[in-house]
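Here is how the chains run, residue by residue.
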Amino acid sequence: MRVITGIAKGMRLDTLEGFDIRPTTDKVKEAIFSSIQFDLFDSEVLDLFAGTGQLGIEAISRGARSAVFIDNSRKSLEVIKKNLEKTQFTSKATVINMNGADFISTTEKKFDFIFLDPPYNKGILSEILPNLSNILAENGIIICEYEKNLELPEEIHGLMLNKVQKYGKIKVSMYRKKGKDE
């Protein structure tokens, strides 16, 4: 697992040993970031269910102003902090030990990009998505990585499904706020 491009290009990131974790592959990460690369500069990013922090770190490397990393696993938070130190992005990051749903319901911050990669087959994504429109900036994008057998709605609480891509056993979907004319 590495940073693909930007100021930390090529840096190897630490991962969790012995845990049931599935880091986003370089192929999928490259596809995600290629589709948003021109909107990342100076953006505010939320890496929810952050795991190793690789999505938020990639965003910072490509020009995001800052990233908030949320995970309820202390082991994950240790790895995220180590990866932030390694890439020298600590000053652009906030790392919080909290349940994703609790963070969403308590934060007043708005994000330009929200990355979601929750544990698979637990229904978490379906529970979390309806609450994200409150913390998504006006022209923001939500990017969800999830198991291929899950079907997400075309529209949910003012969010419109914009794009769906399949990569082997996973899907990646992007949501945007519904426009006034839609």
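Refer to the preceding data block for the structure.
Being a predicted model, the structure only gives us computed values, none of them experimental.

Cut-offs used in this document
- Residues numbered from 1 in each chain as written.
- Predicted model: local features only at pLDDT ≥ 70, side-chain atom pairs only at ≥ 80, totals over all residues.
- Heavy atoms only, no water.
- Pairing = 2+ DSSP bridges.
- Helix = DSSP H or I, 4+ residues; strand = E, 2+ residues; numbered from the N terminus.
- Contact = heavy atoms within 4.5 Å.
- Axes fitted to C-alpha atoms, helices over the stretch in contact; angles between N-to-C directions.
- Core = buried A, V, L, I, M, F, W, Y, C linked by side-chain atoms within 4.5 Å.
- Buried < 20%, exposed > 50% of the residue type's maximum accessible area, 1.4 Å probe, protein only.

*Asks:* Honestly, the sheet that holds strand β2 (residues 66–71) in this entry has me stumped. Any pointers?
*Replies:* Within a sheet, neighbouring strands are paired by backbone hydrogen bonds and run either parallel or antiparallel to one another. Taken in spatial order, the 8 strands of this open sheet run β3-β2-β1-β4-β5-β8-β7-β6, and their pairing is mixed. On the outer flanks of this sheet lie β3 (93–97) and β6 (155–156), each paired with one strand and no other. Sitting on the sheet, helix α3 (residues 74–87) touches β2 and β3, and the angle it makes with β3 is about 170°.

*Asks:* How should the nonpolar core be read in this particular structure?
*Replies:* One recurring pattern in soluble globular proteins: nonpolar side chains tend to sit buried together. Core analysis: the biggest nonpolar cluster contains 31 residues, and Phe 33, Ile 36, Phe 69, Phe 113, Phe 115 and Ile 143 have the highest contact counts within it. Among the secondary structure elements, those contributing two or more residues to this core are α1 (26–36), α2 (54–61), β2, α3, β4 (111–116), β5 (136–147) and β8 (170–177). Not counting chain neighbours up to four residues away, the residues in contact with Ile 143 comprise Ile 32, Ile 36, Phe 113, Ile 114, Phe 115, Leu 116, Val 172, Ser 173 and Met 174. Counting residues in hydrophobic clusters, the runner-up holds 23 residues, among them Leu 48, Val 68, Ile 104 and Ile 128.

*Asks:* Any chance you could explain the environment of Ile 57 here in plain terms?
*Replies:* Its place among the elements puts Ile 57 in helix α2. For Ile 57, a relative accessible area of 0% corresponds to the buried category. Sequence separation between Ile 57 and Lys 169 is 112 residues; the distance between their C-alpha atoms is 24 Å. Here Ile 57 is in contact with Val 3, Leu 13, Thr 52, Phe 69, Asn 83, Leu 84, Thr 87 and Phe 89, once residues within four sequence places are set aside.

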